[in-house]
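Here is how the chains run, residue by residue.
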2 protein chains.
Amino acid sequence: MIVGSVALDTIETPAGKAVEVLGGAATYSSVACSFFASAGIVAVVGEDFPAKYEKLLRARGIDTSGLARLPGRTFRWGGKYLKDVNKRETLFTELNVFEKFSPELPKPYRDAEYVFLANIHPALQFHVLDQVKSPRLIVCDTMNLWINTARKELEKLIPRVDVLMLNDEEARLLTGEFNLARAGHSLLKQGLLAAVIKRGEHGATVFHRRGVFFAPAYPLEDVKDPTGAGDTFAGGFIGYLAKSGRKDFAELKRAAVYGSVLASFAVQEFSLKRLLKITRADINRRFKEFHQLVSF
Amino acid sequence: MIVGSVALDTIETPAGKAVEVLGGAATYSSVACSFFASAGIVAVVGEDFPAKYEKLLRARGIDTSGLARLPGRTFRWGGKYLKDVNKRETLFTELNVFEKFSPELPKPYRDAEYVFLANIHPALQFHVLDQVKSPRLIVCDTMNLWINTARKELEKLIPRVDVLMLNDEEARLLTGEFNLARAGHSLLKQGLLAAVIKRGEHGATVFHRRGVFFAPAYPLEDVKDPTGAGDTFAGGFIGYLAKSGRKDFAELKRAAVYGSVLASFAVQEFSLKRLLKITRADINRRFKEFHQLVSF
């Protein structure tokens with residue numbers, strides 16, 4: 001089960017522009033997940049959400065019974081990336097129906113064993129967990145905004161999740177540790193199975209009580225649109241674990257590499273264009289390339 | 001053979017301050033190299049250079065017959081690192097005797113098979129190569145200043161070297177490619193055996209016609225002084241290759257990891273303090289930790 005946003009994105013990058021294309025954390029992560037396991041998504045869209053987009057998710061085996069359609073407009077986000085793809089500028093955020101999003105799980109979703117809480121208010125993430133009966137693995141994302149404005153709720157939530165995913169700045173803000181190795185270990189002490197610190201084009205580091213693992217980002221020559229890379233990583237990560245059924249350190253490492261593999265495809269085209277074109281064979285091939293990249 | 005600076009550094013970092021300590025590119029790289037092979041250094045110091053420092057280099061098996069002692073003061077550099085150890089501020093540069101440095105090789109040095117040209121003016125690097133009879137492997141470093149002020153000399157030099165090492169900004173400046181994968185491949189086309197793009201705490205990438213290799217930086221909790229990390233990397237890199245006698249892609253990968261291992265020790269204390277304390281066993285242990293860090 002994946003809880004988060006479904007959005008219409010307008011994106012400018014040095015490679016071009018895309019207007020009102022399919023986006024949102026739940027979208028990217030559920031599509032990435034779909035290569036390994038079928039996710040049910042919990043999200044909200046407005047009356048204007050194109051039917052073709054919902055159809056496209058269903059065609060990937062994604063359960064959209066938790067996708068509420070409310071009166072009003074769909075969440076819209078506009079962003080611009082500079083040459084340094086790790087830096088982006090938000091041009092506009094129209095929350096629309098997402099403003100009043102209160103995730104209520106359809107009954108079958110309450111049995112979900114693998115849960116990805118994409119970046120929404122920690123109180124809402126908490127509310128979701130209260131509805132899930134006996135999850136096996138909970139992965140949680142968050143952002144600067146909540147660390148600054150809802151730190152208490154977030155700190156209450158962390159001991160209930162297994163894997164916390166943040167980017168480097170967020171990890172620093174949350175722990176007060178500038179050094180990322182210290183930040184990672186400080187997060188671990190809060191009762192997590194693993195803390196994953198994402199560093200965009202610099203890869204991601206998995207902190208686990210048995211050690212530290214570094215999943216590199218693939219050195220791509222053709223990054224077109226970095227939107228959704230982190231959510232794609234998370235979707236590939238939890239999808240792989242849901243399929244494997246294990247959650248030991250060795251599997252978490254592989255999950256992180258699969259997450260990086262999926263993210264590396266996602267950024268090669270605007271929106272979900274490339275993700276929707278690849279096959280398991282493409283994924284396996286790039287997984288091997290990742291292996292080559294760091295093997296010595 | 002290692003050609004470059006020997007300096008007295010004054011360094012401030014969030015972890016403390018060190019005044020007039022041993023530094024310089026040739027110093028860091030020759031000490032790192034010394035774990036694998038004995039380097040002869042070519043550098044210049046002033047009359048004030050403490051005899052104990054030269055003794056310390058000799059004690060590591062480093063040949064200092066190419067270390068000229070000229071009238072005047074030794075090259076001094078002062079720098080300050082911020083919390084983000086990838087960012088530093090130069091507080092002062094006193095070239096002193098280094099200003100007129102013109103590397104003349106003692107006769108036995110002309111037979112050197114492995115040459116590291118640390119960061120000096122490309123015309124001087126060229127002048128060094130003209131004195132070496134039949135080198136097997138030439139590794140060359142450079143910096144923004146020379147790319148901006150001596151681009152022609154640098155471009156003439158590149159086809160004569162085997163491995164060019166630069167940091168990410170320098171690679172972008174030299175190639176005009178912002179994307180590092182493109183920058184790396186563009187450098188390769190200039191006739192190099194390999195291009196190594198260093199990204200400080202984000203690791204280093206080796207570009208070779210047979211593929212791309214990523215050597216991570218170890219996630220250290222105790223970075224005290226990043227000075228010399230890049231030169232230590234280079235010294236470990238060429239030292240390992242000199243010992244191995246091979247220069248295929250597999251060996252270049254291992255050399256990059258040994259370079260990263262040495263650099264990870266260097267930054268754990270001010271100046272060369274930690275580098276001078278470690279043993280081959282420490283190096284081997286951390287080499288295995290690097291392996292663990294990326295194995296999946």
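Just above, that's the structure.
Residue positions are counted from 1 within each chain, in the order its sequence is given. To label them, take the chains in the order written and letter them from A, then take the ligands in the order written and number them from 1. Note on the predicted model: pLDDT of at least 70 is required for a residue's local features to be given, and 80 or more for side-chain atom pairs to be given and counted; whole-chain, interface and lining totals, by contrast, use all residues. No hydrogens and no water enter the side-chain calculation; it runs on all heavy atoms of the structure.

Residues and elements named next belong to chain A. Approximately 230 Å³ is the volume found for the second largest pocket. Met 1, Ser 38, Ala 39, Gly 40 and Tyr 114 are the residues nearest the centre of the second largest pocket, which is lined by 15 residues in total. It is helix α8 (residues 229-244) that contributes the most residues to the lining of the second largest pocket, three residues altogether. A per-class count over the lining of the second largest pocket returns ten nonpolar, three polar and two charged. Note on definitions: the grid is 1 Å and covers protein atoms alone; a cavity is a set of points where a 1.4 Å probe fits but cannot get out; a pocket is an open set with protein on both sides within 12 Å along at least five of seven lines; lining residues have an atom within 4 Å of a point. Grid points are joined across faces, edges and corners, and a volume is the space filled by probe spheres set on the points. Secondary structure elements follow DSSP: runs of H or I no shorter than four residues count as helices, runs of E no shorter than two count as strands, and numbering proceeds from the N terminus. Under the convention adopted here, Pro, Cys and the residues Ala, Val, Leu, Ile, Met, Phe, Trp and Tyr are nonpolar, Asp, Glu, Lys and Arg are charged, and Gly plus all remaining residues are polar.

Our focus in this paragraph is the packing of helix α8 (residues 229-244) of chain B against helix α9 (residues 249-266) of chain B. Residue and element names in this part refer to chain B. For helices, the fitted line uses only the C-alpha atoms of the stretch in contact; every axis is such a line through C-alpha atoms, and the angle between N-to-C directions lies from 0 to 180 degrees. The N-to-C vectors of α8 and α9 enclose an angle of 140 degrees; their axes lie 7 Å apart at closest approach. The angle between α8 and α9 places the two elements in the oblique class. Viewed along their axes, α8 and α9 form a crossing whose handedness is right-handed. Together, Ala 229, Thr 232, Phe 233, Gly 236, Phe 237, Tyr 240, Leu 241 and Ser 244 of α8 and Glu 251, Leu 252, Arg 254, Ala 255, Ala 256, Tyr 258, Gly 259, Ser 260, Leu 262, Ala 263 and Ala 266 of α9 make up the contact between the two elements. Angles below 35 degrees are treated as roughly parallel, those above 145 as roughly antiparallel, those between 65 and 115 as roughly perpendicular, and all remaining angles as oblique. By definition, any crossing whose near helix is turned counterclockwise from its far helix by less than a right angle is left-handed, and any crossing with a clockwise turn is right-handed. The contact definition used throughout considers only heavy atoms, calling two residues in contact when any of these lie within 4.5 Å.

Let us now look at the pattern of salt bridges. All names here are of chain A. In what follows, salt bridge is the name for a side-chain nitrogen of Lys or Arg lying within 4 Å of a carboxyl oxygen of Asp or Glu. Taken as a whole, this structure holds 29 salt bridges over all chains when the rule is applied. Here Arg 160 ties to Asp 130 by a salt bridge, and the two come within 2.9 Å at their closest N and O atoms. Here Arg 160 is found in the loop between α5 (151-157) and β10 (163-167), whereas its partner Asp 130 is found in helix α3 (residues 122-131), with 30 residues between them in sequence. Only protein chains enter the accessibility calculation, which uses a 1.4 Å probe. A residue is then buried if its area is under 20% of the maximum for its type, exposed if over 50%, and partly exposed in between. By relative accessible area, which is 33% here, Arg 160 ends up partly exposed. For Asp 130, a relative accessible area of 51% translates into the label exposed. One salt bridge connects Arg 285 with Asp 282, and the closest N-O pair in it is separated by 3.1 Å. Of this pair, Arg 285 and Asp 282 both sit in helix α10 (residues 280-294), three residues apart, which is roughly one turn of that helix. A relative accessible area of 49% means that Arg 285 is categorised as partly exposed. A network of salt bridges, in which partner residues are shared, links Glu 20, Asp 48 and Arg 76.

Here we take up unusual backbone geometry. Residues and elements named next belong to chain A. In this structure, Glu 20 takes a positive phi of about 50 degrees despite not being glycine. On the secondary structure map, Glu 20 appears in strand β3 (residues 16-23). Overall, Glu 20 belongs to the partly exposed group, its relative accessible area being 33%.

This next bit is on the nonpolar core. The definition of a nonpolar core used throughout is a set of buried Ala, Val, Leu, Ile, Met, Phe, Trp, Tyr and Cys residues joined through side-chain atoms within 4.5 Å. Met 1 and Phe 237 of chain A together with Met 1 and Phe 237 of chain B are the most contacted members of the largest nonpolar core, which totals 214 residues. The residues contacting Met 1 of chain A, other than those within four sequence positions of it, are Gly 40, Val 42, Leu 105, Tyr 109, Ala 112, Tyr 114, Val 115, Phe 116, Val 128 and Val 132 of chain A.

This paragraph deals with α10 of chain A. The terminal C-alpha atoms of α10 of chain A, which comprises 15 residues, lie 22 Å apart, in line with the 21 Å expected from a rise of 1.5 Å per residue. Within α10 of chain A, burial applies to Ile 283, Arg 286, Phe 287, Phe 290, Leu 293 and Val 294 of chain A. Angular distribution of buried residues about the axis of α10 of chain A spans 115 degrees; they occupy a single face of the element. In the core, the buried residues of α10 of chain A are packed alongside α9 (249-266) of chain A together with β13 (211-215) and α10 (280-294) of chain B. A helix's residues, less one, multiplied by 1.5 Å, set its expected span. Our arc is simply the arc of the directions from the helix axis toward the C-beta atoms.

Turning our eyes to something else, we now look at the sheet that holds strand β6 (residues 76-81) of chain A. Residue and element names in this part refer to chain A. Two strands pair if DSSP finds at least two bridges between them. Taken in spatial order, the four strands make up an open sheet running β3-β2-β6-β7, and their pairing is mixed. Both edges of this open sheet fall to β3 and β7 (88-94), since each of them pairs with a single strand only. The average angle at which neighbouring strand axes cross in this sheet is 15 degrees, direction not considered. Bridge count for strand β2 (residues 7-13) against β6 is five bridges, and the pairing is parallel. Within β6, the residue paired with Glu 12 across the bridge is Lys 80.

Further remarks concern the sheet that holds strand β8 (residues 114-117) of chain B. All names here are of chain B. Spatially, the nine strands line up as an open sheet ordered β5-β4-β1-β8-β9-β10-β11-β12-β13, and their pairing is mixed. Pairing within the sheet leaves two strands with one partner each, and these edge strands are β5 (63-70) and β13. Bridging between strand β9 (residues 137-141) and strand β10 (residues 163-167) involves three bridges; their strand directions are parallel. Among the inter-strand pairings, Val 139 is bridged to a residue of β10, identified as Val 163.

Attention now moves to the relation of the copies chain B and chain A. With an axial shift of 0.0 Å and an RMSD of 0.0 Å, the rotation relating chain B to chain A amounts to 180 degrees. Within this description, the copies of the chain are treated as partners about a two-fold rotation axis. Comparing interface residues between copies, 100% of those in chain B also sit at the interface in chain A, which points to an isologous, same-surface contact. Here the copies were fitted onto each other by least squares, based on C-alpha atoms from residues at pLDDT of at least 70 in both.

Function cannot be read off these values alone, since they describe shape.
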